[in-house]
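Structural characterization, general
Next come the chains, spelled out residue by residue.
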Amino acid sequence: MILWHVVATGLIVCLVVWWCMRFTAADATVAYPNRPIEVVVPYPAGGGSDTFVRTLQKGFLEDNLLPQPLVVINVAGGGGTIGSRDVKDAKPDGYRILCHHNAIISAKLSETVDYGPEAFEPIALTGAMTMVVVVREDSRFADLQEFLQEAKQTPKQLTFGANQGAPAYFTALQLEKSVPGAQLSIVSADGGADRYSRILGGHLDAGIFSLSEYLDFRSADGTPPDENIRAIACLASKRRPAIPDVATALEQDIPVLLSNANYWWAPKGTPVEVLQVLASALEKAMLNETVQSELTRLRIDLDYSQGEEFRQVLAETAAAFEGAAAKRRSNIPDFTNWVGGIVVCLFVLVVLESFLRRGSTEQEEPALGSHSSTEDFVRRPMTAAACFGVLIVYVYVLGQHWLPFAIATSLMVLTIGGLMTKWQRQHWVILFQIAVLTGMGTNFIFTEVFTTTLP
Amino acid sequence: MGLMLIIVGTALGIFVGAVPGLTGTMLIALILPLTYGADPLLSMTFLISIYVGAVSGGMITATLLRMPGTPASIVTTLDGYPMAKQGQPGRALGLGVMSSFVGGLVSWTFLVLLTSPIAKLSSKFGPFEYFSLVMMALVLIATIGGKSLPRSLFSGFLGIFLSMPGINAATGAARLTFGITDMNNGFQLLPVLIGLFAVNQILRDIINLEEKGNPIELGSERVLLKVRDFGHFFWNLLRSSVIGTWIGILPGIGANIGSVTAYSVARSVSKEPEKFGTGHEHGIVAAEAANNATIGGALIPLIAMGLPGSVMEAVLLGALVIHGLQPGPRLFEESPSMVYTIMGAMFLANIAMAIIMLCSMRFLAKVTRLPRPYLLPVILCFCVVGSFALSNRLFDVWVMLGFGLLGFLLEARKIPLAPFVIGFVLGPIAEKNLSLGLQSSNGSFAPIVTGKISLLFLTVALFMLLLPLIRQAMSKQKGGAA
């Protein structure tokens, strides 16, 4: 017990010192940036966008491009729209920016969200990825033109993997438009791995891959032809050195281009000076040697543009997507009604059943974890309700930023612990120690060890 | 160096696996950036060890507190917690550790011997095959965790229904969001799970706070199992491990379903199915053997074809890519050392897991004996931070609280929670595959019954659904005759 008190007090002192030091470190009088810049990646950690941003982050660190570090924050979900909305609604001070690709244009066109690139200040374009159209090695199509011609003769028979609403979907629509009368059966497929396995399994006739996905998934020559893939068109303006034999779509008389670049955005209203600081830092990062070699290995082209040039690229891509935008085609019934209906029916059944059971003399079996005998202890539902109430207030306070995380958490632990011990005096010291340790400790672990943010 | 990383990684994995609110996925994703500069072989060794530890660690809190630390250990709560309450926590944990160990080794054998032939097989599965496979797993809902068929089904379908809000994977359209943009991402599994199990259980514990003494104490009883036990559980271990491995192979199905399937199969073939759910040893064995076996299974398509089977695998895939290696058909040729490192790490991590768990068991059991007023608020804090850290959104924390209340109410009305979670996890997979199938068949449902594999799964599903009814009818007949 004494050991516990010594260790706990020691830890508390250390943590409090660390916590106070964080406050003195920040100096708001220095010019932008005077605190870490949060880069929102709207996809999960480990994915393509995440890898890209973290590669650049390395360049920032190596060349000391900004006085403050970049912090990568993954706000994944909703096809990238959760993260993009987060930055759109952020304070326009340059401390929370977004790295997002063409999906920012397609999300608006497919009506997933009601804002597009115009809701942001564009900072710069960094790194672009060539896209290719891929079939199985033993496919009867020698090139993209043949594929689309067959799609014209037998409409809706050929399956093409592209997620509805994603950039690849608009490209698929553009491909259809380039050969009048051609109609593909567009099947959702997210992720190169998913498309790859379904092409091999014969469940997709073709799909769009990024160049690096294609080169990674393609097996060595001599693999049985039904276990390998082959590119039939390259959606770039000229052939790529890595795949010199693959003709571009333009060469095949199909005027479709798709390159997936990473765009950097700041919330609308961010000062021009701040945008300029960020853009020039990004430009320098793209020139860093480590960054260049890493990106080359990932087969990302080292493109960079800002200002007018960047806006031009955006406008062109948006125009191409808009031209292809058609009414959403769907032959999928609305499953929500089915499941909702079943839930309601079963609910009625459950109610009926418990009603019947109550009528019969049959004793109900006690549920797991509950006890049939109540004599040996008193149940305290009110305490539980009070604790839940404290929890709700705690989360609300965190959401409103009324108190720093460490203090709010300590108070929460103290209050709930107190409620549970009925505020008996002998628990106070330990509860207080636990509260401070939990509050400060989680704050330390998450900000220092895991370098994430806290509410 | 490698060995030390395995021990540290496994221990860390067990820790995050055991704490509700922290998951292996989160740890791997957070540690990933730290490994950028490190040697790729060592980084992978470390990450695989975390993976193995995390899937195993969940069983500790599932057994001792009825708060599954990870989704994979939900089924373990069904028999582990009752057994612990009956005064045999040591035996329950010992069984769990042993089964995890055997499950891991069996699937490791598959991984080493059969990686490339098996991986090829999985690409033969089209959307309709996946759909009927998932339907089969969904039907298992009806057979686990409850005495009343309508209640289990209701819980399962409610789970499916609540997995539906958000952006539809197949059409890209948002639905059931009621105009709340935060809902575009739907309810995430982690906050839902923490809410349903951890928050719900904490509320329950607070209500029953003054219960005399703490029921769970690890006495001087034997934790290590006797050789005789291995013989006793031999078939169950083997069957559950093989089921776990095969389910692990199928991308997107994951450890949760492996343990559910193995558990229901064990119950179906058991001579005393009524004992399952009351602290039956076979239940723990089946669940734990299977969920660890899914690791080896899931690594098969990852290594052979570059197909991640779960979120955790997707992060591992990302880790390989960051280190300049693309798992897939060419990994064997381009860097065989990486393939053997992954295999070796999994083998050693399994041994490390068993040793660490057995050694730390007494200490862990002590943690759960801490006075509840000290323990519960700290766990609550982890629940909040864990839900938030998932995608840095406070919305997820509200979701967690909401589902905590829902779980509490459902259990108060004696509606089992396990089917809810299974429905919640499997519903979207079933729907996505059905939608994809319909997209490529132009809206025709026919391929579900014309495809051989999918017809087989559906028949099995139907059989499983009818089995309890047939059994009931038969026992009634017998009772009537006697």
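Residues numbered from 1 in each chain as written. Chains lettered and ligands numbered in written order. Predicted model: local features only at pLDDT ≥ 70, side-chain atom pairs only at ≥ 80, totals over all residues.

Next up on the list: the overall build of chain A. Each helix and strand in chain A was counted, giving 15 helices and 10 strands. Over its C-alpha atoms chain A spans a radius of gyration of 29 Å, topping by over 25% the 23 Å that the globule rule assigns to 455 residues. For chain A, the C-alpha atoms occupy an extent of roughly 85 × 75 × 45 Å along the three principal directions. Sequence-distant contacts in chain A: of pairs separated by 6 or more residues, those separated by 24 or more amount to 75%. (Helix = DSSP H or I, 4+ residues; strand = E, 2+ residues; numbered from the N terminus. Rg over C-alpha atoms; globule rule 2.2 N^0.38 Å. Contact = placed C-beta atoms within 7 Å.)

This brings us to the overall build of chain B. Tallying secondary structure elements over chain B gives 20 helices and 2 strands in all. When burial is assessed residue by residue, chain B has 65% of its 482 residues classed as buried. (Buried ≥ 20, exposed ≤ 12 C-beta atoms within 10 Å, placed from the backbone.)

Our focus in this paragraph is helix α18 (residues 418-440) of chain B. All names here are of chain B. Taking 1.5 Å of rise per residue, the 23 residues of α18 would be expected to cover 33 Å, and the 33 Å separating its terminal C-alpha atoms lies within 8% of that figure. Along α18, the sharpest change in direction is near 35 degrees and occurs at L426; proline P428 comes one to four residues later. In terms of burial, α18 is largely enclosed, as 23 of its 23 residues are buried. The first or second residue beyond α18 is N442, which carries a positive phi of 55 degrees. (Expected span 1.5 Å × (residues − 1). Bend = angle between axes of the 7 residues up to and from the residue.)

With that settled, the discussion passes to the packing of helix α13 (residues 381-400) of chain A against helix α14 (residues 405-420) of chain A. Residue and element names in this part refer to chain A. Following both chains from N to C, one finds α13 and α14 inclined at 175 degrees, their axes separated by 10 Å at the closest point. Compared by their axis directions, α13 and α14 come out roughly antiparallel. Here α13 contributes T383, A386, C387, V390, Y394, V397 and L398 to the contact with α14, which in turn contributes F405, A408, M412, T415, I416, L419 and M420. Taken together, the residues of the contact of α13 with α14 break down into 12 nonpolar, 2 polar and no charged. (Axes fitted to C-alpha atoms, helices over the stretch in contact; angles between N-to-C directions. Parallel < 35°, antiparallel > 145°, perpendicular 65-115°, else oblique. Nonpolar A, V, L, I, M, F, W, Y, C, P; charged D, E, K, R; others polar.)

This part is about the nonpolar core. Core analysis: the largest hydrophobic core is formed by 190 residues, its most contacted members being I28(B), Y51(B), V134(B), M135(B), L316(B), M346(B) and V421(B). Counting residues per element, this core draws most heavily on helix α12 (residues 281-305) of chain B, which supplies 14 residues. Residue contacts for M346(B): discarding those within four places in its chain leaves I48(B), V52(B), W108(B), L111(B), I295(B), G296(B) and L299(B). Residues I73(A), I123(A), V187(A) and V246(A) belong to the second largest nonpolar core, which totals 98 residues. (Core = buried A, V, L, I, M, F, W, Y, C linked by C-beta atoms within 7 Å.)

Here the focus is the packing of helix α6 (residues 127-139) of chain B against α18(B). Residue and element names in this part refer to chain B. Direction vectors running N to C along α6 and α18 enclose 155 degrees, while the axes themselves pass 8 Å from each other. When the axes of α6 and α18 are compared, the pair comes out roughly antiparallel. Judged by the twist between their axes, the crossing of α6 over α18 is left-handed. Here P127, F128, Y130, F131, V134, M135, A137 and L138 of α6 lie close against α18, whose contacting residues are G423, L426, I429, A430, N433, L434, L436 and G437. (Left-handed = near helix turned anticlockwise from the far one by under 90°.)

All names here are of chain A. End to end, helix α9 (residues 272-287) covers 23 Å across 16 residues, agreeing with the expected 22 Å (1.5 Å per residue, within 8%). Three or more residues of α9 are buried, namely V274, L275, L278, A279, A281, L282 and A285. Seen end-on, α9 carries its buried residues on one side only, within an arc spanning 165 degrees. Exposed side of α9, more than 90 degrees from the buried face: V272, E273 and L287 are the residues found there. Along its buried surface, α9 packs onto α2 (48-63), β3 (96-100), β4 (120-136), β9 (259-267), α10 (289-297) and β10 (301-306). (Arc of directions from axis to C-beta.)

Turning our attention to the environment of A318(A). Residues and elements named next belong to chain A. Positionally, A318 belongs in helix α11 (residues 307-324). In this structure A318 comes out as partly exposed when scored by C-beta crowding, with 19 C-beta atoms within 10 Å. For the pair A318 and N102, spaced 216 residues apart in the sequence, the C-alpha separation amounts to 8.7 Å. Apart from residues lying up to four places away in sequence, A318 is in contact with I105 and P117.

Here we take up unusual backbone geometry. Residue and element names in this part refer to chain A. Look at R299: it is not a glycine, yet its phi comes out positive at around 60 degrees. A positive phi is found at W423, a non-glycine position, where the angle reads about 55 degrees. When you line up the elements, W423 lands in the loop between α14 and α15 (428-449).

Glancing now at the environment of A418(B). All names here are of chain B. Note on placement: A418 falls in helix α18. Assessed through the 26 C-beta atoms surrounding it within 10 Å, A418 is described here as buried. Here the alpha-carbon distance between A418 and L78, two residues 340 residues apart in the chain, equals 8.5 Å.

Residues and elements named next belong to chain A. Strand β8 (residues 229-234) sits mainly inside the fold: 5 of its 6 residues count as buried. Two strands pair when backbone bridges link them, and β4 and β8 are joined in this way by 5 bridges, in the antiparallel orientation. Within the sheet, the bridge partner assigned to R136 lies in β8 and is I229. (Pairing = 2+ DSSP bridges.)

Another aspect to go through is the environment of W246(B). Here W246(B) shows up in helix α10 (residues 234-249). Accessibility expressed as a C-beta count within 10 Å gives 22 for W246(B), which makes it buried.

Before going further, it helps to spend a moment on the pairing of β3(A). Residues and elements named next belong to chain A. Counting buried positions over the 5 residues of β3 gives 5, a clear majority of the element. Side chains R96, L98 and H100 project from β3 onto one buried face, and the interleaved I97 and C99 project onto a second face that is buried too. In terms of strand pairing, strand β1 (residues 37-41) meets β3 through 3 bridges, oriented parallel. Residue pairing for β3: V39 is matched across the bridge by I97. Pairing of β3 with β9, which is carried by 3 bridges, proceeds in the antiparallel orientation. Residue pairing across strands places C99 opposite W264, the latter belonging to β9.

A few words on the confidence of the model for chain B. Across chain B, the average pLDDT comes to 80, with 84% of residues at 70 or higher. In the predicted complex, the global pTM is 0.80; the interface-specific ipTM is 0.79. (pLDDT = per-residue confidence, 0-100.)

Attention now moves to the confidence of the model for chain A. Looking at chain A as a whole, the pLDDT averages 84, with 90% of positions reaching at least 70. Note on residues 361-376 of chain A: pLDDT is under 50 here. Beyond four places in sequence and across chains, it has 12 contacts.

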